[in-house]
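Chain and residue survey
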Amino acid sequence: MILTLPKIEDPRGNLSVIENGTIPFPIKRVYYLYDVPSGAQRGGHAHKGQQEFIVAVSGSFDVILDDGSGQRVFSLNRPYQGLYVTTKIWRELKNFSSGAVCLVVSSGEYDEDDYIRDYDEFIDYLK
Ligand code: TYD
């Protein structure tokens, strides 16, 4: 689900904000991907319990979401919009533009036990 963030337009430059209440979960962690080489793919996992909100704060990239029964592709290229990814969704990130920055807001602290990094395991986990 794409969510639109507040955008405070200003001739000096625009400003968008993400805070508790803007997105569907309390914010516990923020990380970002940058300097992604052309052709590289990121993601390739699902989370058991953590929710995420993904924003292309600069440049563009595609996020492919898979709930086990079908895939949807979201092209992110607006710093004032983000993709809400609930639990138990397999995600891949690809087609990063040069200079793209992928900001991820997470509902949890980093916890490798929350990851499913094997697609077949993901399908089994859904059963
Ligand atoms: P990974 O989950 O493979 O990145 P992505 O899904 O974006 O392609 O994480 C890459 C490495 O970074 C891995 O060794 C775990 C580490 N990492 C942290 O230490 N803390 C974090 O918050 C994140 C997201 C990853």
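Structure: above.
No experiment lies behind these values; they were computed from the predicted model shown.

So, the side chain of Gln81
Take Gln81: it is sitting in strand E9 (residues 81-85). Polar side-chain contacts of Gln81 include one of 3.2 Å to the side chain of Thr4. Excluding residues within four positions of it along the chain, Gln81 makes contact with Ile2, Leu3, Thr4, Leu5, Ile54 and Val55.

Observations concerning the environment of Gly82
Summarising the element assignment, Gly82 is placed in strand E9. Gly82 gets classed as buried once you look at its relative accessible area, which sits at 0%. Leaving out residues up to four positions away in the same chain, Gly82 has contacts with Met1, Ile2, Leu3, Phe53, Ile54 and Val55.

Regarding the sheet that holds strand E8 (residues 71-76)
One open sheet holds the five strands; their spatial order is E8-E7-E10-E5-E12, and the pairing between them is antiparallel. Two strands bound the open sheet, and with one partner strand each, they are E8 and strand E12 (115-116). Bridge count between strand E5 (residues 42-47) and E12: two bridges; the pairing is antiparallel. Across the sheet, residue His47 finds its bridge partner in E12, namely Tyr115.

Overview of the site of the ligand
Taken together, the neighbourhood of the ligand is formed by Arg29, Tyr31, Leu33, Arg42, Gly43, His45, Tyr110, Tyr115 and Arg117. Taking Arg29, its side chain carries an N or O atom lying 2.5 Å from an oxygen atom of the ligand. In the environment of the ligand, an oxygen atom lies 3.0 Å from a nitrogen or oxygen atom belonging to the side chain of Arg117. In isolation the ligand exposes 530 Å². Once the protein is present, 61% of that is buried. For the shell around the ligand, the secondary-structure elements that each account for two or more residues are strand E4 (29-33) and E5.

The rules behind each value
- Residues numbered from 1 in each chain as written.
- Predicted model: local features only at pLDDT ≥ 70, side-chain atom pairs only at ≥ 80, totals over all residues.
- Heavy atoms only, no water.
- Helix = DSSP H or I, 4+ residues; strand = E, 2+ residues; numbered from the N terminus.
- Polar contact = N/O pair within 3.5 Å; in protein donor to acceptor, adjacent residues only side chain to side chain.
- Contact = heavy atoms within 4.5 Å.
- Buried < 20%, exposed > 50% of the residue type's maximum accessible area, 1.4 Å probe, protein only.
- Pairing = 2+ DSSP bridges.
- Near = heavy atom within 4 Å.
- Areas by Shrake-Rupley, 256 points an atom, 1.4 Å probe, with all protein chains shown as cover.

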